[in-house]
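Understanding the architecture of this molecule
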Amino acid sequence: LKSRSQVRHSIASSSSGSTSATAGSHGKAPRAPPSAPTFFSGVVATWKRHGLYRGFFPGVQVALLGTIPGSATYFFGYELGKSIYGSDAVQRLVGGGHSGGGGSAWAKGALCGVTAQLAANLVFTPVDIIKERMQVQSSLVASGRQPRLLTVREMVRQMAAREGAGVFMRGYWKGNMLWMPWSTIYIATYESLKEARPLESAIALFASGSSTTTTTKERSDSTAARSDSLHLALCAAMASAFASLCTHPIDVLKTRIQALPLHIWQEGSGGRTSTLRMMQRVWAKEGLAGLFAGLPLRILQLSPDTVMTWVIYESLQRHFNT
């Protein structure tokens, strides 16, 4: 639903542009782009038109195949960034010439975000492109730009035949422009929130009040485990939502570049392919609503995913380090 909401205007603009000449030759006014559907009307329309699997889970097999290697490369880059940040040279730099200066959460977040995303996007870029093509093709079929829904194999073959092998890495650097700032903001906010004593104290109080164990030791262990998990989950959710808000306009551009065939997004962008020019065109044609199209859906997508990933990662890391 997020991808479809972000490319809707580009498909409508491309369709109206390609049909305006034909409509004019027949004495008819070109068809106006459809109004943006609400979340619930979009859900109902998708369900009625395509059903559960084709409507809400297109490309899920591609996402599942890319999850393990993508997450592995992300956390490899994250740990690499932490190792580089903890080196004597970097600590002297951030500590004003003294080893072990500590530095700031934002400096650590920036370094870890860059190393994590440079590595992970080598895997996530082709996965995202195929997944997003599968997700938006129903909109192309509805607009008449594609004759029927394709399987994953058919989609991959068509993309390679029409746009070349380079299509699978299209938007890699724009993806880095999105996800490196996202990871920087997320990691820095996440690490800062973890150190926030008022937040930690409030969660510990809530966890202790909900404990149902009987003995003092069991109650203490249960409270500590519950408090720690709740603390990490809340920090991850808040940091993810904040990072998504700050980086959403570039996500709109990235989705349009990757999810649409080359000729359609070029038509929709007026032939402007630079990030700045594309953003200027979206602002001129669609305003603030265009730059933040699909933001609630993106937060709903990323926050649960981020919470589960980071809580599991932190728990496993502590388990293997003890």
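Focus on the overall build of the chain
- Across its full length, the chain carries 12 helices and zero strands.
- Written out in order from the N terminus, the α and β elements of the chain read α-α-α-α-α-α-α-α-α-α-α-α.
- With 322 residues in all, the chain has 42% of them scored as buried.
- Long-range pairs, those at least 24 residues apart, make up 77% of the contacts in the chain with a sequence separation of at least 6.

Quick look at the pattern of salt bridges
- Tallied over the full model, the rule gives eight salt bridges.
- Residue E314 is joined to K194 by a salt bridge in which the shortest nitrogen-to-oxygen separation is 3.0 Å. Of this pair, E314 sits in helix α12 (residues 295-321) while K194 sits in helix α7 (residues 172-194), and the two are 120 residues apart along the sequence.
- For K194, a relative accessible area of 16% puts it in the buried group.
- A single network of salt bridges, built from pairs that share partners, joins R133, E163 and R170.

Quick word on the layout of surface pockets
- In this structure, the largest pocket encloses a volume near 1,400 Å³.
- In terms of lining, the largest pocket is formed by 41 residues, of which the most central are D128, K131, Q301, L302 and D305.
- For the lining of the largest pocket, the secondary-structure elements that each account for two or more residues are α1 (2-25), α2 (39-56), α3 (60-85), α5 (105-143), α7, α9 (216-259) and α12.
- Ranked by residues supplied to the lining of the largest pocket, first place goes to α12 with nine residues.
- Its residues assigned to classes, the lining of the largest pocket shows 18 nonpolar, 14 polar and nine charged.

Topic: the environment of E79
- Summarising the element assignment, E79 is placed in helix α3.
- Take E79: its relative accessible area is 26%, and that puts it in the partly exposed class.
- Each C-alpha atom, one on E79 and one on C112, is 7.4 Å from the other, the two residues being 33 residues apart in sequence.

Digging into the packing of aromatic side chains
- Tallying each qualifying case throughout the model produces 14 aromatic pairs.
- With centroids separated by 5.3 Å and ring planes inclined at 65°, the aromatic side chains of F75 and W310 adopt a geometry described as edge-to-face. Placement of the pair is F75 in helix α3 and W310 in helix α12, with a sequence separation of 235 residues. With respect to class, F75 is no different from W310; both count as buried.
- What links up through ring pairs into an aromatic cluster is the set Y74, F75, Y78, W179, W182, Y186, Y190, W310 and Y313.

Quick word on the nonpolar core
- One finds Y74, Y78, Y186, I187, Y190 and W310 to be the most contacted residues of the largest nonpolar core, which totals 30 residues.
- Secondary structure elements with two or more residues in this core: α3, α5, α7, α9, α11 (275-291) and α12.
- Those residues in contact with Y190 that lie beyond four places of it in its chain are L232, C235, A236, A239, W310 and E314.

A short note on empty space enclosed by the protein
- Tallied over the entire structure, the rule returns one cavity of 30 Å³ or more.
- Taken as a whole, the largest cavity encloses approximately 40 Å³ of empty space.
- What lines the largest cavity is N121, F124, T125, D128, G175, W179, K254 and Q258.
- Taken together, the elements giving at least two residues each to the lining of the largest cavity come down to α5, α7 and α9.
- Examining the composition of the lining of the largest cavity, we find that four residues originate from one element, α5, more than from any other.
- Of the residues assigned to the lining of the largest cavity, the class counts are two nonpolar, four polar and two charged.

Some points on the packing of α5 against α7
- At a minimum axis distance of 7 Å, the contact between α5 and α7 shows a crossing angle of 140°. One element, α5, and the other, α7, form an angle in the oblique class. Crossing of α5 over α7 shows right-handed handedness.
- When grouped by side-chain class, the residues that make up the contact of α5 with α7 number 14 nonpolar, 11 polar and two charged.

A closer look at the confidence of the model for the chain
- Mean pLDDT over the chain stands at 77; residues scoring 70 or higher make up 72%.
- Helix α6 (residues 152-163) holds the highest mean pLDDT among the elements of the chain, 92, whereas α1 holds the lowest, 58.
- A low-confidence stretch, residues 19-34 stays under pLDDT 50, and its non-local contacts, those more than four residues away or across chains, total nine contacts.

Looking at α7
- For α7, with 23 residues, the first-to-last C-alpha span of 31 Å sits near the 33 Å given by 1.5 Å per residue.
- Across the 23 residues that make up α7, a large majority, 19, are buried.

Description of a nonpolar patch on the surface
- Together, W47, L52, Y53 and F57 make up an exposed nonpolar region whose accessible area comes to about 460 Å².
- Among the structural elements, W47 can be located in helix α2.

Definitions and cut-offs
Residues numbered from 1 in each chain as written. Predicted model: local features only at pLDDT ≥ 70, side-chain atom pairs only at ≥ 80, totals over all residues. Heavy atoms only, no water. Helix = DSSP H or I, 4+ residues; strand = E, 2+ residues; numbered from the N terminus. Buried < 20%, exposed > 50% of the residue type's maximum accessible area, 1.4 Å probe, protein only. Contact = heavy atoms within 4.5 Å. Salt bridge = Lys/Arg side-chain N within 4 Å of Asp/Glu carboxyl O. 1 Å grid on protein atoms, 1.4 Å probe; cavity = no way out; pocket = protein on both sides within 12 Å on 5 of 7 lines; lining within 4 Å. Points joined across faces, edges and corners; volume = space filled by probe spheres on them. Nonpolar A, V, L, I, M, F, W, Y, C, P; charged D, E, K, R; others polar. Phe/Tyr/Trp six-rings, centres within 6.5 Å; stacked < 30°, edge-to-face > 60°. Core = buried A, V, L, I, M, F, W, Y, C linked by side-chain atoms within 4.5 Å. Axes fitted to C-alpha atoms, helices over the stretch in contact; angles between N-to-C directions. Parallel < 35°, antiparallel > 145°, perpendicular 65-115°, else oblique. Left-handed = near helix turned anticlockwise from the far one by under 90°. pLDDT = per-residue confidence, 0-100. Expected span 1.5 Å × (residues − 1). Patch = residues over 30% accessible without salt bridge, like charges linked within 9 Å, V, L, I, M, F, W, Y side chains within 5 Å. Areas by Shrake-Rupley, 256 points an atom, 1.4 Å probe, with all protein chains shown as cover.

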